[in-house]
Amino acid sequence: MGFIRPPAVRSGGDYIESIFGEYSTGKPKPGRKLNFVTALTFLQFAFAVYATVLLYYMSPSIDLRTKPDFTWATKWAHNMRSYIVTPHVVSHFQDSNIPATLSPAEVCEYEKIDFSQKKSNDEKMIKMKRELYDDVLEFQKKNLGSESLHELMKMKSKWALNGPNKPKVTVILNHFKRKTLCAQLDSLLHQTLPFHHVWVLAFGSPNEASLRRIAGSYNDSRISFISSNYDFKYYGRFQIALQTEADLKALKMATETNVNGTALVLLPRASISKVLWMADLRSTALPNWNKMRVSVNIITQNRAQSLLRLLKSLSNAYYLGDEIPLSFNMDSKVDEETIKVVTTFDWPHGPKTLRRRIIQGGLIRAVSESWYPASDDDFGLLLEDDIEVSPYYYLWIKYSLLAYHYDPQVSFPELSSISLYTPKIVEVVKERPKWNPTEFFKQIHPHTPYLHQLPCSWGAVFFPKQWREFYVYMNMRFTENAKENPVQIPKSRTNGWQASWKKFLIDMMYLRGYVSLYPNFPNQQSFSTNHMEPGAHIAAKDNVVKHDKTDFEVPLLMDDFRNFLPNLKLPPASKLPSLNLFNVPVSLKGLKAAGAKLGQDVLRCNNVSEIVAVNHQTGLPARCMKF
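Residues numbered from 1 in each chain as written. Predicted model: local features only at pLDDT ≥ 70, side-chain atom pairs only at ≥ 80, totals over all residues. Heavy atoms only, no water.

1. Digging into helix H17 (residues 501–512)
Our working rule: By the criteria applied, helices consist of DSSP H or I runs no shorter than four residues and strands consist of E runs no shorter than two, each listed in order from the N terminus. Any helix carries an expected span of 1.5 Å times its number of residues minus one. Type-normalised accessible area, obtained with a 1.4 Å probe on protein chains alone, sets the label of each residue: buried when under 20%, exposed when over 50%, and partly exposed for intermediate values.
Here H17 contains 12 residues, and its C-alpha end-to-end distance of 17 Å stays within 8% of the 16 Å for a straight helix at 1.5 Å per residue. Along H17, 12 of the 12 residues are buried, which leaves the element largely enclosed by surrounding structure. Every buried residue of H17 is listed here: Trp501, Lys502, Lys503, Phe504, Leu505, Ile506, Asp507, Met508, Met509, Tyr510, Leu511 and Arg512. Gly513 sits one or two positions beyond H17 and adopts a positive phi of about 75 degrees.

Dropping the structure here:
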């Protein structure tokens, strides 16, 4: 979390007097009641901002004396420290009022806190408490993460004190009147895991002088004292906690071993304003924030300048601190310039892998073999080198996966991929007519995302279960001659496509009722665009189809897409409109019915209300299933 630094605020004395002066006599002027309420509201807001900034500068990690001219905020904080409240930040080397000869034994104070409770003679109450206590014990026996203190102490520690990853723990001790500081510090100094820092807080405490002497008497560079003559109450210690320099390894361990669905979400400050859609996700989806693993898989061959453009766009995207593996997939005849680009490219967001074929395989093998899922949480983004992406492309993927795939309350087995691209034509019709989803869906919402039976080859994330299924399907149906393919979709120009991986995926999706999620924004802005540069299909000698670049190139979305969505959020899965292969609205059940009617899958189902079901771990067809 960051802090919002306000502009310069008017000086307090005269301004406050001008507001309250006319009310001090008990005779406010007519018509000024509303102004008075507004003034009070403004003062309350101003104080909240002031307290936040002040607490930031009170942190031991900020030393105003060493940087007196850091910014306007530093100068303002210097002045404000003596206005209304007088905070003090004192560490072992800052407090010159404590004689060096004093020791904890000379200044420590102790008190015994009595935690005993009154005994009850009410038999019903005793019985109820005993039953409740037994229930708690039974629950603890069955659930990891709810162990008793005795059981926790018996567990083997996951920390290696002599290892390279020793955690940094900052302890914050908030004190007011109790005389327990020495006992706490003594206990902390004898822990098996040494603390990184201890910050002793005294906000509005009548024992400030005593607490300061105690903190200084330990003469430990890790112990600091922070005080103010104003009581910041509970939010003071929470704001101070945000200033710690400690790492989050202990917190990560706690969330990883917790069985209650707790997730630790670490967002870079620059990304916070880009993920306001987090608040729209169900609480059941958020615990899966860190579960997915999206890899970027680039297919490249002798188009170094195109590749550089793609890599630049990938580098400028928001990744929310997630690890994103990157792979380059090259055929055997890749040129020297391309090899130089991929070997020298620096990717700070995750591991980089280079793959090069020994024998030339062509585009169908280059694409289909560029990625294979390692688990059910492994998703593959496939990009050819003439693609360019929007800075928001990963946010669209993350949001969509959490909303439609990782929410336990959403059942959506038909969704097999997420497209970054919005098509401008109906690709599978011979005439390839123009198509505009904004106009098409204006009766629902002009910018509603939609489902389409057509997979996207110009920037899409494919799901692990369906990709395994596709591998097996293509292996069983692969043929170099399109006329030998047993699947012939009525009125589809894909029936004549030669050596196309996309043709086999279209066939499988048509036969089994799968769909892809597509974006839909003003002017067909998309999260990816296709520059239609010469390659294996575009402008190829044996390709009689001519391609107009304006039919495929779309503008990239450079603004926060959330503002365009219906009600500023992704609609429920049940509200997404769905289209068949020919851009005709058809329900998900209707899509399955069309595939079952065609009856040309690898398993022949006798009933027109059945489609092929597969083993999603292996991708192998298993049986016919009613839909």
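Okay, back to it.
2. Description of helix H16 (residues 464–477)
Here H16 spans 20 Å end to end across 14 residues, near enough to the 20 Å set by a 1.5 Å rise per residue. For H16, the tally of buried residues reaches 10 of 14 residues, placing the bulk of the element in the interior. For H16, the set of buried residues is Pro464, Gln466, Trp467, Arg468, Glu469, Phe470, Val472, Tyr473, Met474 and Arg477.

3. Topic: the state of the cysteines
Which entries qualify depends on this criterion: Working definition: a disulfide is two cysteine sulfur atoms within 2.5 Å of each other.
Within this structure, the stated rule accounts for two disulfides. At a sulfur-sulfur separation of 1.9 Å, the disulfide partner of Cys108 is Cys182. Residues Cys108 and Cys182 are joined by a disulfide whose S-S torsion is about -95 degrees; by sign, that bridge is left-handed. Note that Cys108 is positioned in the loop between helix H4 (104–107) and helix H5 (123–142) and Cys182 in helix H7 (residues 181–189), a separation of 74 residues in sequence. Comparing Cys108 with Cys182 shows no difference in burial state: the two are buried. There is a disulfide in this structure between Cys605 and Cys624, and the S-S distance comes to 2.0 Å. Handedness of the Cys605-Cys624 disulfide follows from its S-S torsion of about -95 degrees: it is left-handed. In this pair, Cys605 is assigned in the loop between helix H18 (588–598) and strand S16 (610–614) and Cys624 in strand S17 (residues 621–626), connecting sequence segments 19 residues apart. If you count the bonded cysteines of the protein chain from the N-terminus, they pair up as 1-2, 3-4.

4. Focus: the pairing of strand S6 (residues 326–330)
Rules: Here a strand pair is declared whenever DSSP counts at least two bridges between the two strands. Every crossover in which the path from the first strand over the helix to the second runs clockwise, viewed with the strands pointing away from the viewer, is termed right-handed.
Among the five residues that make up S6, five are buried, leaving the element largely enclosed by the rest of the structure. Burial of S6 is two-sided: the residues Leu326, Phe328 and Met330 facing one way and the residues Ser327 and Asn329 facing the other way are all buried. The pairing of strand S5 (residues 293–300) with S6 spans five bridges and is classified as parallel. Counted as the bridge partner of Ile299 is Asn329 from S6. Between the parallel elements S5 and S6, the chain passes through helix H11 (residues 304–315) in a crossover that is right-handed. Bridge count between S6 and strand S7 (residues 352–356): five bridges; the pairing is parallel. What sits directly across from Leu326, in S7, is Lys352. The parallel pair S6 and S7, bridged by helix H12 (residues 336–344), forms a crossover whose chirality is right-handed.

5. Comments concerning the sheet that holds strand S11 (residues 450–452)
Strand order across the open sheet formed by nine strands is S7-S6-S5-S8-S12-S10-S13-S11-S15, with mixed pairing between neighbours. Taken across any chain shown, the strands that pair with only one partner, and hence form the sheet edges, are S7 and strand S15 (578–579). Pairing geometry for S11 and strand S13 (residues 515–518), over three bridges, is antiparallel. When the bridges of S13 are listed, Leu451 appears paired with Leu517.

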